[in-house]
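For reference, the chains in residue letters:
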Amino acid sequence: MTSPLIPLQDGKLSGYIDASGSWVIPPRFLLAFPFYEGLGLVAVAARAWGVKRVQRYGYIDETGETVIPPSFQEAFSFSGGLASVVPGNSLRGFWGYIDRNGALAIRARYSLSGGFFDGLARVRRGRLWGYIDTRGRRVIKHQFDSAHDFSSGLAAVKECASGKWGYIESAG
């Protein structure tokens, strides 16, 4: 079910309005993204190492209450019960996945990662892309120059050797 709340920026801050245009969650975030799986991704101002002002990402519910505190350097919306994040303490900026409680479900070890579609997420290690399942198990080895999300059992990928694009099934 899609949320009836719509993210909207008002000046320098963002919040959420309903279909009538009334503020439901007043602007108080640096960034606000659509709700997925009942949680909205938001960014707030924070201090890193006590000095530098940075954005930190967290998740709110449809009442505006914080569900997962804004402690992530980077983050994406939830899909397949997990969200791709760069933990706040990651010095190398590696991506991992958290569950709906904010607990690290898949260790942060990927240079880039995407959401879960058809039960698989594309992840990059070094310069090559592969796919993992929601338990973090590699399903399709890292072998592609480029990879897209699965949809209806297929994903577009670019082969390293030939440089050609094609489609793979979720079995590889």
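Structure's up top.
In this text the structure is predicted, and so the values were computed from the model without any measurement. Per chain, residue numbering runs from 1 following the sequence as it is written. Selection of residues for local features in this predicted model requires a pLDDT of at least 70, selection of side-chain atom pairs for listing and counting requires 80 or more, and totals for whole chains, interfaces and linings are taken over all residues. Excluded from the side-chain calculations are hydrogens and water; all other atoms, namely the structure's heavy atoms, are used.

Participant: Now, about the sheet that holds strand 2 (residues 13-17): what can you tell me, with residues and values included?
Facilitator: Each strand in a sheet pairs with its neighbour through backbone hydrogen bonds, running either in the same direction (parallel) or in the opposite one (antiparallel). In spatial order, the strands read 1-2-3; together these three strands make up an open sheet with antiparallel pairing. Looking at the sheet topology across the chains shown, the edges are occupied by strand 1 (6-10) and strand 3 (23-29). Here the average twist between neighbouring strands, direction ignored, is 25 degrees. We call two strands paired when DSSP finds no fewer than two bridges between them. In DSSP terms, a helix is any run of H or I states spanning at least four residues, a strand is any run of E spanning at least two, and both are numbered starting from the N terminus. Where strand 2 and strand 3 come together, three bridges link them in antiparallel fashion. Across the sheet, the residue bridging to tyrosine 16 is isoleucine 25, located in strand 3. As a rule, the C-alpha atoms of each element are fitted with a line to give its axis, helices using only the stretch in contact, and angles between N-to-C directions run from 0 to 180 degrees.

Participant: Describe the packing of aromatic side chains, naming the residues involved and giving the relevant values.
Facilitator: Aromatic pairing here means that ring centres of Phe, Tyr or Trp (its six-membered ring) are within 6.5 Å. Orientation follows from the plane angle: under 30 degrees is stacked, over 60 is edge-to-face, and everything else is tilted. Scanning all chains against the criterion turns up five aromatic pairs. Seen in terms of ring centroids, tyrosine 97 and phenylalanine 116 are 5.0 Å apart; in terms of plane orientation they differ by 55 degrees. Their pairing is tilted. Of this pair, tyrosine 97 sits in strand 9 (residues 95-98) while phenylalanine 116 sits in strand 11 (residues 112-117); the two residues are 19 residues apart in sequence, bridging distant segments of the chain. Like phenylalanine 116, tyrosine 97 is buried. Whether a charge sits over a ring comes down to the Lys NZ or Arg CZ being within 6 Å of the ring centre and within 35 degrees of the ring normal. Here arginine 122 stacks its cationic end above the ring of tryptophan 129, 5.3 Å away from the centre of that ring. Only protein chains enter the calculation, and the probe is 1.4 Å; a residue is then buried if its accessible area is under 20% of its type maximum, exposed if over 50%, and partly exposed in between.

Participant: Break down the pattern of salt bridges for me, citing the residues and quoting the values.
Facilitator: We define a salt bridge as a side-chain nitrogen of Lys or Arg found within 4 Å of a carboxyl oxygen belonging to Asp or Glu. One pass over the structure, following the stated rule, counts three salt bridges. Residue aspartate 149 is joined to arginine 122 by a salt bridge in which the shortest nitrogen-to-oxygen separation is 2.9 Å. Of this pair, aspartate 149 sits in the loop between strand 14 (138-147) and strand 15 (154-159) while arginine 122 sits in strand 12 (residues 120-125), and the two are 27 residues apart along the sequence. We classify aspartate 149 as partly exposed; its relative accessible area is 29%. With its nearest N and O atoms 2.9 Å apart, the salt bridge here joins arginine 137 to aspartate 133. For arginine 137, a relative accessible area of 46% gives the class partly exposed.

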